[in-house]
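Coordinates in review
Read off the chains here:
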Amino acid sequence: MSVPDYMQCAEDHQTLLVLVRPVGAVSEENFFRIYRRICTVSHPGVRDSQRRALCIRYRHHYPPENNEWGDFQTHRKVVGLIAVADCCSAKDWPQALEKFHVQKEAYGATLYDSRLLVFGLRGELAEPPRPDVAFYPSYDDCATVEKRVEDFIESLFIVLESKRLDRATDKSGDKIPLLCVPFEKKDFVGLDTDSRHYKKRCQGRMRKHVGDLCLQAGMLQDSLVHYHMSVELLRSVNDFLWLGAALEGLCSASVIYHYPGGTSGKTGARRFQGSSLPAEAANRHRPGAQEVLIDPGALTTNGINPDTSAEIGRAKNCLSPEDIIDKYKEAISYYSKYKNAGVIELEACVKAVRVLAIQKRSMEASEFLQNAVYINLRQLSEEEKIQRYSILSELYELIGFHRKSAFFKRVAAMQCVAPSIAEPGWRACYKLLLETLPGYSLSLDPKDFNKGTHRGWAAVQMRLLHELVYASRRMGNPALSVRHLSFLLQTMLDFLSDQEKKDITQSLETYTSKCPGTMELITLPDGLTLPPVPFTKLPIVRHVELLGLPASLRPQKMKSLLGQSMSTKSPFIYSPIIAHNRGEERNKKIDFQWVQGDVCEVQLMVYNPMPFELRVENMGLLTSGVEFESLPAALSLPAESGLYPVTLVGVPQTTGMITVHGYHTTVFGVFSDCLLDHLPGIKTSGSTVEVIPALPRLQISTSLPRSAHSLQPSSGDEISTNVSVQLYNGETQQLIVKLENIGMEPLEKLEITSKILTTKEKLYGDFLSWNLEETLAQFPLQPGKVATFTINIKVKLDFSCQENLLQDLSDDGISVSGFPLSSPFRQVIRPRVESKPVNPPESSRAGDFSHVKTLEAILNFKYSGGPGHVEGYYRSLSLGLHVEVEPSVFFTRVSTLPATSTRQCHLLLDVFNSTEHELTISARSNEELILHAGECQRMAIQVDKFNFESFPVPPGEKRQFANAEQLEEERREARGLEINSKLGIRWRVPSLQRSGEASVEGLLNQLVLEHLQLAPLQWDVLVDGQLCDCEAAAACQVGDPVRLEVRLTNRSPRSVGPFALTVVPFQDHQNGVHNYDLHDTISFVGSSTFYLDAVKPLGQSACLGALLFLYAGDFFLHIRFHEDSRSKELPPSWFCLPSVHVRALEAQA
Amino acid sequence: MAVCIAVIAKENYPLYIRSTPTENELKFHYMVHTSLDVVDEKISAMGKALVDQRELYLGLLYPTEDYKVYGYVTNSKVKFVMVVDSSNTALRDNEIRSVSAGDWRTTPGWWMFRKLHNSYTDVMCNPFYNPGDRIQSRAFDNMVMSMMIQVC
């Protein structure tokens, strides 16, 4: 006996073995249909009053050499044969019958009875019906098969019962035959059959045999008694093999008694189909199984007591659960003495393990199993090895040793594809390997590996995965091997050495070249599903950030009246609760928008953990919510790179809320969809963003060159384009801006604002000015169309060189401060040009003048159109303007000279040409003054005095919050502007064809202003009724009294006076000598002193007197205030009276 | 005398495993891995015993043809497994005698595991060691190596 039946269990000892065989050509399908139907008849009720249970074990295959051990243990004996034959026609019949007989002969020695089931014939044979043959027309029409089998089993039982009774009633005097196992036969040749020893041996063996028969016949108690007696007998003669068998029989019977549910674990229900025993109770101990040992006196030493009924009543000779194991151990130790009984020993071990598994005594079970491992059978075939390892694995599983079970299952799997096997069973190997996975606590779902570092038996698990890959490849399922290899790479990456990483990726690439890895679930035939393995570690993504559009394309919401950001849900401006909620929302939602049809970006920080360059292809975004056209990227990461930024782009095609779920890649030919939610240790700043309707796109190009110079970042706005221009101070330039709609939507709205960046320089006039109407007339601008737009740039910085310089010069003696009101320079002073070479110290200072100043401004184009405009969005584009202002001219000094008329004065300007070119300067475009490079000249301009009081006063409400200083500043500026517009000084550089204006606004100090101001008290002197204010002399005749009238008009807002005025006549000798001693020459008619009453605002007052010139001559009248009468608080310039020039002529006859 | 020494975490994954014939390391991985079945079984069997009275030394877990596997479990369920060459009889012989006498402390196995336990305690005391991580302490490594080289 060499073929072990690993499925055996203790309760198989009570079964009758029936072999079901096909005879002739019977298709497997049909045969097993019948076989299954036969198998349902496993516990036929025996029509017997004793209510004995009979168990049948059906086999469709049984090696005849095992049958030879039938005497040793009767359940190994084939007692019944059911043959299944297929006859298409009557002529097949004899052949079938013949084969049936052949089969019968093979097991003939042990068969009790046999049957032949013939399918396809309808009994049309001429032969007389035989009791052991049944005919059925077809496999579908054989309702009576079960009935027939039951009958057959009944006949088997009758034979069994008769045999049992026959053996049990053997007379003690009769010679008891010696039962023996096949290998013993030759040992007993020539032995003395009459010895006591031999007889005892025969008796013991026979008792054991009877016990077996009793057990099979359902007489459990009887069998126990017989086994006990047999044990005693055999122990005394040291017949160890049979003693072992007797002990095992005892154990089996006890097990059957204790565990009516069976020990095989799976067939409890099968055995007690008809019984009402609940399945869970099946494994429980049967109460009252007392282990009362048999009374030794009941055993007869020289024979078998024919009547066992007395013993049955005496005791329930059942073993206790602990004893069962002890007895099994003993039996196995006896078996182990015989090399030829290896199969028996092995089977006993297996049976014991099953019992122990039920008893939950895993440690002892493992010892039995360990022993079973070491049992050396003859050279096993590969198939048997596989079977052996599989069953070991199953048994370990049964006792809860999952790891050990997995170990043996893996060994079995490896055995399936052992090199000695001609046709390796890769499928079986793969299947077995899959079954080992739980034992190595390995799941094939990569999600289980997402939580932190992997903890497990990496070396062992990796080996298993490698084997899975190899097996699946050899199975011819490349998709499976790719999946397993991906899994290995993804989950075991931390444990792989650099060389292994290389090898694995190489083989992965070869596999995927035939069958690319997908994201689909792979379902195996046995129902196991392999979830997809996304390569989240190739590369590793650390940070994901959705990027807003660049500043020039970023959509902005037009401010509604309420304000967009204000939450209408709460009346509070700020509440910590709301703030908290917002914080939560912010996790998901981002405060910028994407625009339909515009390229959007998501930035990922990735790194490559591999020791070689990693090529990631087809990397794109996974999104939902909005139709999104992802534009995949391909990247190549250097070996073990640091964090590496990758930008994934795409275009949203519709509007709504878009959520970025993850990204997809193709690495080594494996497609992966990596979801952000499943990535460990990833930082993300939200993944949902709003996509708003499409907006137009504006591109700006200008007539000016682009500048590399960027504006200070503090400006806040991001500047898309920068242009720069170099201008001379005072110059004006046109900037032509070309607006091109490069988007897909019409441009409907455009607004332009400018912002001058804070500069230290004082800027006069409008820096930037434009007229938008013309441009807007071309709107809406269709896609691809261009509009132009002109901006005037006017730079007017301070033309004074430096404050302190000006100050110095004011104190200079050359300057005519004009303070002495009664200036002696009453002579006609023509505006004159005083050429003055630049002093050496001044030229050195000129270096300071030449330094270039910069002005920066931002032009902001807000535009909108298309569906986005309807939704209230716009875009803004900024143009940075960088102007370098080179100095043109400087006014190094300014002063005034009173003109002959009190209504006018001369403004003296020292003009310095700081350019390197010749320059002409003109005021009011009447005269041109040529200045060489670096030259300084004085120019004088006669100007009318200004009546500043008549300027519009700033509106009252403005005055309220403008403090005095600001107000004063404003007034000064207004005056400066007024003066400048009157002056109209322009410069021109002929060589460069450039021109501009020069402004004096910045250099008019208070003193100069006062001089330029028209006094509010207007004094008019009338000589002989003629206004005398010009250089022209009033003529009069000697001897005639000349009327002199001094009139005062008060234009100041308050009343002035009274004043006392004295008229002092003098003669100018034109040589610096004034002759005041004119008493003899001029006589006053009346008083020489006038009194003016107080004059109310806007009032007038006049006083009259007369002069009598006694001689002819040129006289001057100086009207002087009396010291005391002058109001101290009024500025002196208010009292500037014209001097009167009177020419007295000889009276003509 | 030991050929393989392993430290297994409470959750039954290896914290440390080292074997002397490095060419067939995987074999010892399998051996230690399967021995955990027995360890689990032994722990569950004595689970009801009071913690402080429990003997930490589990004794022989199972023999294989060439090796014997011994086990030890701390109160925090960290397991130490040692694989010893079967030809080395000193350990076993002493053990059988002592165990039957009921005094574990006289067995050399007990002392070896005790030493291992102390060294492991030192590793745990390292404030930079994160419990549950692989043990990479050089001191522990040296101690294990000394136990493997030791000739009896």
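Residues numbered from 1 in each chain as written. Chains lettered and ligands numbered in written order. Predicted model: local features only at pLDDT ≥ 70, side-chain atom pairs only at ≥ 80, totals over all residues. Heavy atoms only, no water.

You'll find chain B entered in an unreviewed UniProt entry as Trafficking protein particle complex subunit 2-like protein, with Galeopterus variegatus given as the organism. Taken from UniProt, the Sequence similarities (unreviewed entry) comment for chain B reads in full: "Belongs to the TRAPP small subunits family. Sedlin subfamily." (UniProt positions renumbered as here; feature names shortened; annotations may be inferred.)

Taking an unreviewed UniProt entry as the reference, chain A is identified by name as Trafficking protein particle complex subunit 9 belonging to Galeopterus variegatus. A UniProt comment under Subcellular location (unreviewed entry) is attached to chain A, and it reads "Golgi apparatus". Regarding chain A, the UniProt comment filed under Sequence similarities (unreviewed entry) reads as follows: "Belongs to the NIBP family."

All names here are of chain A. Taken together, 5 strands build an open sheet; the order of strands is S37-S36-S39-S44-S42 and the sheet is antiparallel. Strands with a single pairing partner mark the edges of an open sheet, and in this sheet they are strand S37 (1026-1027) and strand S42 (1082-1085). Sheet analysis places strand S36 (residues 1017-1023) next to S37, joined by 2 bridges and oriented antiparallel. Within the sheet, the bridge partner assigned to Val 1023 lies in S37 and is Gln 1026. (Pairing = 2+ DSSP bridges. Helix = DSSP H or I, 4+ residues; strand = E, 2+ residues; numbered from the N terminus.)

Quick look at the interface of chain A and chain B now. How big an interface is tends to be stated in terms of accessible area lost as the parts join. The interface of chain A with chain B comprises 20 residues on the first partner and 24 residues on the second. Summing the contributions of chain A and of chain B, the shared interface buries around 2100 Å²; its carbon and sulfur component is 64%. Area buried by chain A at its contact with chain B is led by A:Arg403, A:Arg455 and A:Trp457, which between them contribute 40% of it. At the junction of chain A and chain B, the tally comes to 2 salt bridges. Here B:Asp40 makes a salt bridge to A:Arg403, at a shortest N to O gap of 3.2 Å. Viewed at the interface, chain B and chain A are joined by 8 residue pairs in polar contact (both at pLDDT 80 or more). Elements with a minimum of two residues in the side of chain A that touches chain B: helix H12 (362-374), helix H14 (402-416) and helix H16 (458-474) of chain A. If you tally residues by element for the side of chain A that touches chain B, the top one is H14(A), at 5 residues. Here the side of chain A that touches chain B is built from residues that sort into 9 nonpolar, 6 polar and 5 charged. (Contact = heavy atoms within 4.5 Å. Buried area = accessible area lost by both parts, 1.4 Å probe. Salt bridge = Lys/Arg side-chain N within 4 Å of Asp/Glu carboxyl O. Polar contact = N/O pair within 3.5 Å; in protein donor to acceptor, adjacent residues only side chain to side chain. Nonpolar A, V, L, I, M, F, W, Y, C, P; charged D, E, K, R; others polar.)

Residues and elements named next belong to chain A. One open sheet holds the 4 strands; their spatial order is S32-S31-S34-S35, and the pairing between them is antiparallel. The open sheet is flanked by strand S32 (927-931) and strand S35 (994-997), the only strands paired with a single partner. Across the sheet, the mean angle from the axis of one strand to that of its neighbour is 20°, orientation sign disregarded. Relative to strand S34 (residues 985-989), strand S31 (residues 919-923) runs antiparallel, the two sharing 4 bridges. What sits directly across from Ser 922, in S34, is Arg 986. (Axes fitted to C-alpha atoms, helices over the stretch in contact; angles between N-to-C directions.)

We now examine the side chain of B:Thr64. Its place among the elements puts B:Thr64 in the loop between strand S3 (57-63) and strand S4 (67-73). According to the relative accessible area criterion, B:Thr64 is buried, its value standing at 18%. Leave out the neighbours within four places in its chain, and B:Thr64 touches A:Tyr374 and B:Ser86. (Buried < 20%, exposed > 50% of the residue type's maximum accessible area, 1.4 Å probe, protein only.)

Right, let's talk about the packing of aromatic side chains for a bit. Inspection of the entire model under this criterion finds 27 aromatic pairs over all chains. Seen from their ring centres, A:Tyr389 and A:Phe408 are 6.3 Å apart, and the 20° between their planes marks the pair as stacked. Of this pair, A:Tyr389 sits in helix H13 (residues 382-398) while A:Phe408 sits in helix H14; the two residues are 19 residues apart in sequence, bridging distant segments of the chain. Using a relative accessible area of 21% as the deciding quantity, one classes A:Tyr389 as partly exposed. Its relative accessible area of 7% is what places A:Phe408 among the buried residues. Taken together, the ring pairs connect A:Tyr389, A:Tyr396, A:Phe401, A:Phe407, A:Phe408, A:Tyr440 and B:Tyr30 into an aromatic cluster. One cation-aromatic arrangement involves A:Lys337 over A:Phe240; the distance from NZ or CZ to the ring centre is 5.0 Å. Cation over ring: A:Lys404 sits above B:Tyr62, and NZ or CZ is 3.8 Å from the ring centre. (Phe/Tyr/Trp six-rings, centres within 6.5 Å; stacked < 30°, edge-to-face > 60°. Lys NZ or Arg CZ within 6 Å of the ring centre and 35° of its normal.)

Let us now look at the pattern of salt bridges. Residue and element names in this part refer to chain A. Going through the model one piece at a time under the given rule, you end up with 24 salt bridges over all chains. Its salt-bridge partner being Lys 77, residue Asp 71 comes within 3.5 Å of it at the nearest N-O pair. One salt-bridge network, held together by shared partners, links Asp 5, Arg 57 and Arg 59.

All names here are of chain A. Across the interface, H13 lies against H14 with an axial gap of 7 Å and an inter-helix angle of 165°. As far as their axial angle goes, H14 and H13 are roughly antiparallel. Note on packing geometry: the crossing formed by H13 with H14 is left-handed. In contact with Glu 382, Lys 385, Ile 386, Tyr 389, Ser 390, Leu 392, Ser 393, Tyr 396 and Glu 397 of H13, H14 contributes His 402, Lys 404, Ser 405, Phe 408, Lys 409, Val 411, Ala 412, Gln 415 and Cys 416. Its residues placed into classes, the contact of H13 with H14 shows 8 nonpolar, 5 polar and 5 charged. (Parallel < 35°, antiparallel > 145°, perpendicular 65-115°, else oblique. Left-handed = near helix turned anticlockwise from the far one by under 90°.)

Here the focus is a negative patch on the surface. Residue and element names in this part refer to chain A. A grouping of Glu 965, Glu 968, Glu 969 and Glu 970 is seen on the molecular surface, where their side chains present a negatively charged patch. Tracing the chain through its elements places Glu 968 in helix H25 (residues 964-983). Relative accessible area serves as the criterion here: at 31%, Glu 968 is assigned to the partly exposed category. (Patch = residues over 30% accessible without salt bridge, like charges linked within 9 Å, V, L, I, M, F, W, Y side chains within 5 Å. Areas by Shrake-Rupley, 256 points an atom, 1.4 Å probe, with all protein chains shown as cover. Lys, Arg positive; Asp, Glu negative; His and termini not counted. Charge placed at Lys NZ, Arg CZ, Asp CG, Glu CD.)

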